[in-house]
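Residue strings, one per chain:
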Amino acid sequence: MKKSKILISAVTMFSLCITPMSVYAQVDPNSNIENTISQTKSAENLPTPVLQEKEIEVSNGTGYSLNNIQGAETVKALEQGTIVISYKATGENAIQSLFSVGNGTNGNQNRHFHIYVTNSGGVGMELRNTDGDFKYTLDRPAAVRGSYKGERVSNTIAFKADKENKKYKLFADGELIATLDKEAFKFISDITGVDNVMLGGTMRQGTVAYPFGGSIERMQVYRDVLSDDELIAVTGKTIYAENIFYAGDATKSNYFRIPSLLALYSGTVIAAADARYG
C-alpha cells in the first residue's frame with residue numbers, strides 16, 4: 001500500500017505556479033543579479049570544448065549525426081569528460097536521447113552511452129557495453145520542466161564522468177540532481193566498436209532509438225571534468241522558478257499530487273501537496 005504525507009509550505013508571495021509533480025514559487029528577476037553575474041563569469045572561463053554544435057532542429061525519429069563534425073573522433077575515445085546540453089523538447093516519446101555515442105551495427109544494440117530526458121521531466125544517462133560487461137545508469141525523475149506559463153521552455157542539463165574520483169554526476173537547471181559512484185569506472189573508451197556520435201537519438205542496429213523531437217540549442221563536449229560549481233552556473237541559465245516541493249527534497253519523495261493553495265487575509269499564500277511514497 002502506498003503511503004502519503006501532507007506537506008504545507010507558507011510563502012509570502014502572491015503568484016505561484018503549480019505542476020502535478022512539483023510546486024514552484026514565482027521569482028523576482030531582479031533578486032538574483034549578483035548570482036547571474038557570477039554565473040556569467042563562470043561560463044566565460046570554461047575550457048574549449050572538443051566538440052560543439054548549436055541551433056539544431058531534430059525531427060522526431062530522425063536524429064542528427066555528428067560523425068563528420070570536427071572532434072567526433074576525439075569524443076569516441078574519451079576516458080572521462082563533461083557534456084552540456086541546452087534543449088527545448090516538443091516530442092512526447094517516453095525516453096528521448098539528447099546525445100549518444102555507441103556501436104550502431106547489428107548485434108551490438110547494447111553498446112552505447114546516452115543522455116536522455118523523459119516526457120514526464122526525468123533526466124538520465126545510460127552507459128553500457130552489454131549487460132554482461134557493464135551497465136551503469138543514473139537518473140532523476142521530475143527534474144526539468146516541459147512548459148512554463150503554457151509555453152514550451154528550454155532546459156540545460158550537464159553530465160560529467162570523473163575518472164579520478166570514480167564518479168558520475170547529473171545536473172539540471174542549476175542543481176546537482178544525481179550522483180553515481182563506481183569503483184570499476186568506465187566511459188566511452190570502454191565501449192567496444194564505437195562508430196557513431198549523434199544528437200536526438202541513439203543508433204541501435206542501424207535504427208534511431210529513443211528519438212527526440214525539438215531543438216538542441218547548444219551542445220558542448222569537454223575533455224575536462226568541469227567542477228560542480230561551474231556546471232551549476234552553466235545549467236542555471238534556464239531556471240524559471242524556485243522549487244517548494246520537488247523530487248529529492250527533504251521529504252525524500254519523487255512524486256507529489258493534489259496540489260492546493262490557500263490565501264490568508266494577511267496576504268500569505270499556503271501551498272500544500274500530498275507526497276507519495278512506495
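Residues numbered from 1 in each chain as written. Predicted model: local features only at pLDDT ≥ 70, side-chain atom pairs only at ≥ 80, totals over all residues. Heavy atoms only, no water.

Enquirer: So what's going on with the packing of aromatic side chains? Which residues, and what values?
Expert: Taken as a whole and judged by the stated rule, the model has 8 aromatic pairs. Three or more aromatic residues joined by ring pairs form one cluster here, namely Phe113, Phe134, Tyr136, Phe159, Tyr168, Phe185 and Phe187. (Phe/Tyr/Trp six-rings, centres within 6.5 Å; stacked < 30°, edge-to-face > 60°.)

Enquirer: Give a description of the pattern of salt bridges that names residues and reports values.
Expert: Applying the stated rule across the entire model yields 11 salt bridges. The salt bridge partner of Glu92 is Arg152, with a shortest N-O separation of 2.6 Å. Highlighted residues: Glu92 in the loop between β6 (81–89) and β7 (95–102) and Arg152 in strand β12 (residues 151–152), separated in sequence by 60 residues. Classification of Arg152 by relative accessible area gives partly exposed; the value is 37%. Here Lys169 and Asp228 are joined by a salt bridge, their closest N and O atoms 2.8 Å apart. In this pair, Lys169 is assigned in strand β14 (residues 167–172) and Asp228 in helix α3 (residues 228–235), connecting sequence segments 59 residues apart. We classify Asp228 as partly exposed; its relative accessible area is 22%. The network of salt bridges with shared partners includes Glu126, Arg128 and Asp131. (Salt bridge = Lys/Arg side-chain N within 4 Å of Asp/Glu carboxyl O. Helix = DSSP H or I, 4+ residues; strand = E, 2+ residues; numbered from the N terminus. Buried < 20%, exposed > 50% of the residue type's maximum accessible area, 1.4 Å probe, protein only.)

Enquirer: Just give me the short version of the pairing of strand β19 (residues 214–222), but keep the residues and values in it.
Expert: Burial of β19 is extensive: 7 of the 9 residues sit out of reach of the surface. Pairing of β6 with β19, which is carried by 8 bridges, proceeds in the antiparallel orientation. Its bridge partner lying in β19, Val84 is registered against Gln220. (Pairing = 2+ DSSP bridges.)

Enquirer: Can you break down the environment of Ala158 residue by residue, with the values?
Expert: Mapped onto the fold, Ala158 is located in strand β13 (residues 155–162). Once the C-alpha coordinates of Ala158 and Leu170 are considered, the two residues, 12 residues apart in sequence, prove to be 5.8 Å apart. Look past the residues within four positions of Ala158 in its chain and what remains in contact with it is Ile83, Val84, Lys169, Leu170, Phe171, Leu231 and Thr235. (Contact = heavy atoms within 4.5 Å.)

Enquirer: Account for unusual backbone geometry, naming residues and giving values.
Expert: The backbone of Thr130 shows a phi angle near 70°, a positive value even though the residue is not glycine. Inspection of the secondary structure assignment puts Thr130 in the loop between β9 (123–129) and β10 (135–140). Although it is not a glycine, Asp173 sits at a positive phi angle of roughly 45°. Position of Asp173 relative to the elements: it lies in the loop between β14 and β15 (175–181). Take Asp173: its relative accessible area is 11%, and that puts it in the buried class.

Enquirer: Which residues make up the environment of Arg223, and what values do they have?
Expert: The topology assignment puts Arg223 in the loop between β19 and α3. As for Arg223 and Thr48, which are separated by 175 residues in sequence, their C-alpha atoms are 8.9 Å apart.

Enquirer: Describe the side chain of Asp173, listing the residues and the values that go with them.
Expert: No salt bridge is formed by the buried Asp173; the nearest opposite charge belongs to Arg145, separated by 7.3 Å. For Asp173, the side chain forms a polar contact with the side chain of Thr238, separated by 2.7 Å. Asp173 has contacts with Val144, Asn155, Thr156, Thr235, Gly236, Thr238 and Ile239, leaving out every residue within four places of it along the chain. (Lys, Arg positive; Asp, Glu negative; His and termini not counted. Polar contact = N/O pair within 3.5 Å; in protein donor to acceptor, adjacent residues only side chain to side chain.)

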